[in-house]
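Below, each chain spelled out in residue letters.
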Amino acid sequence: MPELPEVETTRRGIEPHVLGRCVAGLAIRQRRLRWPIPRALDRALPGQIIRNVRRRAKYLLLDTDAGTAILHLGMSGSLRIVPSAAPAGKHDHVDIQLDSGQSLRLTDPRRFGALLWTTAPVEQHELLVDLGPEPLSDNFDGAHLFAAARNRKLAVKQFIMDSHIVVGVGNIYASEALFMAGIHPTRPAGRVSRERYEALAKAIKQVLAASIRMGGTTLRNFVGGDGRPGYFKQTLRVYDRLGEPCRQCGAPIRGKRIGQRSSFYCVNCQR
DNA sequence: ACTGGCTCCTGAGGGC
DNA sequence: TGCCCTCAGGAGCCAG
């Protein structure tokens, strides 16, 4: 499942093939993703030069002079560079054909992803305008979390997964970061101290940065289709380790559904 | 203003 | 071997 590190790895992977290239055409085989791909994209994108390949939260942004294409990989989406003549598989919904003879191909079996188009400054797009800070930026720290958590009663795990608070903390990394910070996932967000939010912010940065560093491995397996990156197998502390011994204290890792999401934690190490 | 629940979709995995 | 059922999951949306 593409979390922020996978999206960033995808961005870095496609950038050299896409940046500065002209869009020669589009092949849209399935328009119905999370939202229908707008017809405006078909009209506007061909002929445009890709000026930037950016990421905001888990959105990939392709800037052109005419507007910006907004891509989201949902939970099963992937982007690859393929020869434009490569035959399309069942879930290869979109090819953005480039003047290099290659195409940027969007594959997404579950179709939770999106491909949108905006002519306004993309930061003002309704999907982006209310997003919280990037977790790896200096705008994100413990003070920010602490301030945002005042009077909030929901579980701290759901709190840090809310993209209005901080972007890019998906289900796996939320469990991992809370373990690293020693915070129990169901603790009300407003009942976590400033000091512990400092530790949590550091843990979030640490786990995301480490994952980006191993992004190559993650992406290969991810694209390979098993959805279980090699990186995770090596280094996951609690996620998907139900009943296995805590790496810190040996107690069996517990599992619980929090806000319709599977969550994992150690009762000894997290309070 | 918050919060919890629903929704989209399909492949994987379990039970028999 | 194969069929059927259930479930996961990002994140917008809506009702209470």
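Please read these numbers as outputs of a predicted model, since none were measured by experiment. (Residues numbered from 1 in each chain as written. Chains lettered and ligands numbered in written order. Predicted model: local features only at pLDDT ≥ 70, side-chain atom pairs only at ≥ 80, totals over all residues. Heavy atoms only, no water.)

## Some points on the domain arrangement of chain A
Taken domain by domain, chain A comprises domain 1 (4-124) and domain 2 (142-265). Centre-to-centre separation of domain 1 and domain 2, based on C-alpha positions: 29 Å. (Domains from an automatic or database assignment.)

## Quick notes on the state of the cysteines
Inspection of every chain in the model, using the stated rule, returns 0 disulfides. Left unpaired, C246 is separated from the closest cysteine sulfur, that of C269, by 3.7 Å. Take C249: it sits in no disulfide, and the sulfur closest to it among the cysteines is that of C266, at 3.6 Å. The exposure class of C249 is partly exposed, given its relative accessible area of 37%. (Disulfide = S-S within 2.5 Å. Buried < 20%, exposed > 50% of the residue type's maximum accessible area, 1.4 Å probe, protein only.)

## Overview of the packing of helix α5 (residues 171-181) against helix α6 (residues 194-213)
Geometry of a packed helix pair, given as the angle between the helix axes and the separation of the axes. Relative orientation of the contacting elements α5 and α6 amounts to 130°, with a least axis distance of 8 Å. If you check the angle between α5 and α6, you find them oblique. Between α5 and α6 lies a crossing of right-handed hand. Contacts between α5 and α6 involve Y173, E176, A177, L178, M180 and A181 from the former and A199, L200, A203, I204, Q206, V207, L208 and S211 from the latter. Grouping the constituent residues of the contact of α5 with α6 by class yields 11 nonpolar, 2 polar and 1 charged. (Axes fitted to C-alpha atoms, helices over the stretch in contact; angles between N-to-C directions. Helix = DSSP H or I, 4+ residues; strand = E, 2+ residues; numbered from the N terminus. Parallel < 35°, antiparallel > 145°, perpendicular 65-115°, else oblique. Left-handed = near helix turned anticlockwise from the far one by under 90°. Contact = heavy atoms within 4.5 Å. Nonpolar A, V, L, I, M, F, W, Y, C, P; charged D, E, K, R; others polar.)

## A few points about the pairing of strand β6 (residues 92-98)
With 6 of 7 residues buried, β6 lies mostly within the body of the structure. Of the pairings in the sheet, the one linking strand β1 (residues 23-28) to β6 comprises 5 bridges and is antiparallel in character. Within β6, the residue paired with A27 across the bridge is D95. Across 5 bridges, the pairing between β6 and strand β7 (residues 102-107) is antiparallel. Its bridge partner being in β7, Q97 is matched across the sheet by S103. Two successive antiparallel strands, β6 and β7, enclose a turn made up of 3 residues, where G101 displays a positive phi of approximately 90°. (Pairing = 2+ DSSP bridges.)

## A word on the layout of surface pockets
Of the volumes computed, that of the largest pocket is approximately 880 Å³. Lining the largest pocket are 25 residues, and of these K58, H72, G74, M75 and R261 lie nearest its centre. Here the residues of the lining of the largest pocket sort into 14 nonpolar, 7 polar and 4 charged. The residues that make up the lining of the largest pocket include at least three from each of domain 1 (4-124) and domain 2 (142-265). (1 Å grid on protein atoms, 1.4 Å probe; cavity = no way out; pocket = protein on both sides within 12 Å on 5 of 7 lines; lining within 4 Å. Points joined across faces, edges and corners; volume = space filled by probe spheres on them.)

## Overview of the protein's contact with DNA strand C
Taken together, 17 residues lie around DNA strand C, and R34, H72, M75, Y239 and S262 are the ones closest in. Restricting the count to atoms of DNA strand C within 4 Å of the protein gives a sugar and phosphate share of 55%. Note that a phosphate oxygen of DNA strand C is positioned 2.5 Å from one of the side-chain N or O atoms of H72. R261 has a polar side-chain atom sitting 2.9 Å from a base nitrogen of DNA strand C. (Near = heavy atom within 4 Å. Polar contact = N/O pair within 3.5 Å; in protein donor to acceptor, adjacent residues only side chain to side chain.)

## Comments concerning the packing of helix α1 (residues 4-18) against α6
Viewed as axis vectors pointing N to C, α1 and α6 meet at an angle of 40°, and their least axial separation amounts to 9 Å. The angle between the axes of α1 and α6 places the two elements in the oblique class. By crossing handedness, the relation of α1 to α6 is classed as right-handed. Along its contact with α1, which presents L4, P5, E8, T9 and R12, the element α6 presents L208, S211 and I212. A per-class count over the contact of α1 with α6 returns 4 nonpolar, 2 polar and 2 charged.

## What about the packing of aromatic side chains?
All told, the structure shown has 2 aromatic pairs when counted by the stated rule. When the ring of F159 is compared with that of Y197, the centres are 6.1 Å apart and the planes differ by 55°; the resulting orientation is tilted. Of the two residues, F159 sits in helix α4 (residues 156-160) while Y197 sits in helix α6, which places them 38 residues apart along the sequence. A residue is classified by how much of its surface remains accessible, and F159, at 1% relative accessible area, is buried. Aromatic pair Y239 and F264: ring centres 5.2 Å apart, planes at 75°, arrangement edge-to-face. Separated by 25 residues along the polypeptide, Y239 in the loop between α8 (230-235) and β9 (254-258) and F264 in strand β10 (residues 261-265) bring together distant segments of the chain. Looking at F264, the relative accessible area reads 10%, which means it is buried. Sitting above the plane of the W35 ring, R34 keeps its charged end 4.7 Å from the centroid. (Phe/Tyr/Trp six-rings, centres within 6.5 Å; stacked < 30°, edge-to-face > 60°. Lys NZ or Arg CZ within 6 Å of the ring centre and 35° of its normal.)

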